[in-house]
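Here are the chains, one letter per residue:
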Amino acid sequence: MTGRFAPSPSGRMHLGNLWSCLLAWLAARSEGGGMVLRLEDLDPDRCRPEYCAQVMRDLEWLGLDWDGEPVYQSRRTELYAAAFRALEGQGLIYPCFCSRAERLAASAPHRSDGTAVYDGRCGRLSEEERAVRAKLRRPAWRVRTPEETVSFSDRLQGVFEENLGRDCGDFILRRSDGVYAYQLAVVVDDAAMGVTQVVRGSDLLSSTPRQLWLQDRLGLPHPEYGHLPLLLAPDGRRLAKRDRDQELGQLQDRYAAPELVGLLAHAARLIDRPEAISPRELIPLFSWDKLPKQDIKTDRIH
Ligand code: GLU
């Protein structure tokens, strides 16, 4: 059994990232599993090398360890390119010339996560039309999704299913600037790194059917999934990097690492009172059955 940390080094981690990392680590270590670290630094506009180093220092500060060398997605483009070509070989990929405004106009709201369902119009262009458009704009690349229901049983959220064609639509695997999309990189890397258990925030629950489907297309195994409740700002918003008071730099001024771990462990219902404790001491206390399923407001964590 192998779990993973998959932080995006686009800034300092916030309380929500720590929550996911702590629980992913406990889920793996409590079963005697391995834990690997992957820095999801594919987006050159948002990610910086110094943030990668900071993420690793922060995990260590919290008392979380990993096995082997960290993996940087920015160094693995060849692997994503190979997977992309394999999908292309199956006739599943097409260029999309839509601008941002056109994309919005060609989309209906997504059922579960508020993102848009693209209507597939560029997938219906003739070769001639493609050639004309290609002179004007560098395309993004989409994968054609079938009207197929993908269903899986989540460790925490129970059965979740989605009809890919209807609820998700054709999604982007490579941006027009050449950057491979998260959905592709994550399935390639989870398989290549031997990840068998994915524990992450439930904001990614609706990405999972896409990932399961891509795994099947690429002949890759399915990990098991557990999607955690999210930590929310007091007004009910999802925590974001702009919530400075929940950023680790600020939290470190207020708490020692075992205190912060204790607060998170208490919110996860692994301990009765929010007392200082180390991740290692929490290992025997971890159980999926104890974890809450509802999102948690951060003003209730203190
Ligand atoms: N890098 C993503 C994040 O930090 C997590 C992706 C995943 O766990 O699959 O939100």
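Further up the page is the structure itself.
1. So, the overall build of the protein
Looking only at helices and strands, one finds eleven helices and 14 strands in the protein. On C-alpha atoms alone, the protein measures out to a radius of gyration of 20 Å, which is about the 19 Å that the 2.2 N^0.38 rule sets for 302 residues. Summarising its shape, the C-alpha atoms of the protein cover approximately 65 × 40 × 35 Å along the three principal directions. Across the 302 residues in the protein, those meeting the buried criterion constitute 54%. Intrachain contacts of the protein at a sequence separation of at least 6 include 75% that bridge at least 24 residues. Per element, the accessible surface of the protein, about 14,000 Å² overall, is 48% carbon and sulfur.

2. A few points about the pattern of salt bridges
Tallied over the full model, the rule gives 23 salt bridges. When the shortest N-O distance is used, the salt bridge between Asp 65 and Arg 280 registers 3.5 Å. Here Asp 65, found in the loop between α2 (49-62) and β3 (71-72), pairs with Arg 280, found in helix α11 (residues 279-282); they are 215 residues apart in sequence, far enough to count as distant. Ionic pairing is found between Arg 155 and Glu 224, a salt bridge with its closest N-O pair at 3.5 Å. Here the residue Arg 155 occupies a position in the loop between β8 (149-154) and β9 (158-163), and Glu 224 occupies one in strand β12 (residues 224-228), the gap between them amounting to 69 residues. By relative accessible area, which is 38% here, Arg 155 ends up partly exposed.

3. Quick look at the side chain of Asp 243
Within the fold, Asp 243 resides in the loop between β13 (231-232) and α9 (248-254). Setting aside residues no more than four positions away along its own chain, Asp 243 makes contact with Arg 237 and Arg 238.

4. Some details on the side chain of Glu 247
Along the chain, Glu 247 falls in the loop between β13 and α9. Apart from residues no more than four positions distant in its own chain, Glu 247 is found in contact with Arg 12, Met 13, His 14 and Lys 241.

5. Here we look at the site of the ligand
In the neighbourhood of the ligand, the contacting residues comprise Arg 4, Ala 6, Ser 8, Glu 40, Tyr 182, Val 186, Arg 200 and Leu 204. In the environment of the ligand, an oxygen atom lies 2.6 Å from a nitrogen or oxygen atom belonging to the side chain of Arg 4. A distance of 2.8 Å separates a nitrogen atom of the ligand from a polar atom in the side chain of Ser 8. Compared with its free state, where it exposes 300 Å², the ligand has 78% of that area covered by protein. For the shell around the ligand, the residue count by class is four nonpolar, one polar and three charged.

6. Remarks on the state of the cysteines
Taken as a whole and assessed by the stated rule, the structure comprises zero disulfides. You can see Cys 52 has no disulfide; the closest cysteine sulfur is in Cys 47, sitting 6.9 Å from it.

7. Structural notes on unusual backbone geometry
Non-glycine residue Arg 269 carries a positive phi angle of around 65 degrees. In this fold, Arg 269 is placed in the loop between α10 (257-267) and α11.

8. Here we look at the environment of Ser 10
Summarising the element assignment, Ser 10 is placed in the loop between β1 (2-5) and α1 (15-29). On the accessibility criterion, Ser 10 (16% relative accessible area) is buried. Put simply, Ser 10 and Glu 40 are 30 residues apart on the chain and 9.0 Å apart in space, counted from C-alpha to C-alpha. Sequence-distant contacts of Ser 10, that is, excluding residues within four places in its chain, are made with Arg 46, Cys 47, Tyr 51 and Lys 241. Side chain to side chain, Ser 10 and Arg 46 meet in a polar contact 3.5 Å long.

9. Here's the deal with the pairing of strand β7 (residues 140-143)
Where strand β4 (residues 93-96) and β7 come together, four bridges link them in antiparallel fashion. Bridge pairing in β7 links Cys 96 to Ala 140. Relative to strand β10 (residues 171-174), β7 runs antiparallel, the two being bridged by three bridges. Its bridge partner lying in β10, Val 143 is registered against Phe 171.

10. A word on the sheet that holds β10
Pairing between the strands of a sheet comes from backbone hydrogen bonds, and it takes one of two forms, parallel or antiparallel. The strand order across the open sheet formed by three strands is β4-β7-β10, and the pairing between neighbours is antiparallel. Each end of this open sheet is capped by a strand with a single partner; those strands are β4 and β10. Across the sheet, the axes of successive neighbouring strands diverge by a mean angle of 45 degrees, strand direction being ignored.

11. Remarks on the packing of helix α7 (residues 182-192) against helix α8 (residues 208-217)
At a minimum axis distance of 9 Å, the contact between α7 and α8 shows a crossing angle of 60 degrees. Relative to α8, α7 is oriented oblique. Considering only the axes of α7 and α8, their crossing is right-handed. Taking contact as the criterion, the partners of Tyr 182, Gln 183, Leu 184, Val 186 and Val 187 in α7 are, on α8, Arg 210, Gln 211, Leu 214 and Gln 215. Along the lines of polarity and charge, the residues of the contact of α7 with α8 split into five nonpolar, three polar and one charged.

Basis of the calculations
- Residues numbered from 1 in each chain as written.
- Predicted model: local features only at pLDDT ≥ 70, side-chain atom pairs only at ≥ 80, totals over all residues.
- Heavy atoms only, no water.
- Helix = DSSP H or I, 4+ residues; strand = E, 2+ residues; numbered from the N terminus.
- Rg over C-alpha atoms; globule rule 2.2 N^0.38 Å.
- Buried < 20%, exposed > 50% of the residue type's maximum accessible area, 1.4 Å probe, protein only.
- Contact = heavy atoms within 4.5 Å.
- Areas by Shrake-Rupley, 256 points an atom, 1.4 Å probe, with all protein chains shown as cover.
- Salt bridge = Lys/Arg side-chain N within 4 Å of Asp/Glu carboxyl O.
- Near = heavy atom within 4 Å.
- Polar contact = N/O pair within 3.5 Å; in protein donor to acceptor, adjacent residues only side chain to side chain.
- Nonpolar A, V, L, I, M, F, W, Y, C, P; charged D, E, K, R; others polar.
- Disulfide = S-S within 2.5 Å.
- Pairing = 2+ DSSP bridges.
- Axes fitted to C-alpha atoms, helices over the stretch in contact; angles between N-to-C directions.
- Parallel < 35°, antiparallel > 145°, perpendicular 65-115°, else oblique.
- Left-handed = near helix turned anticlockwise from the far one by under 90°.

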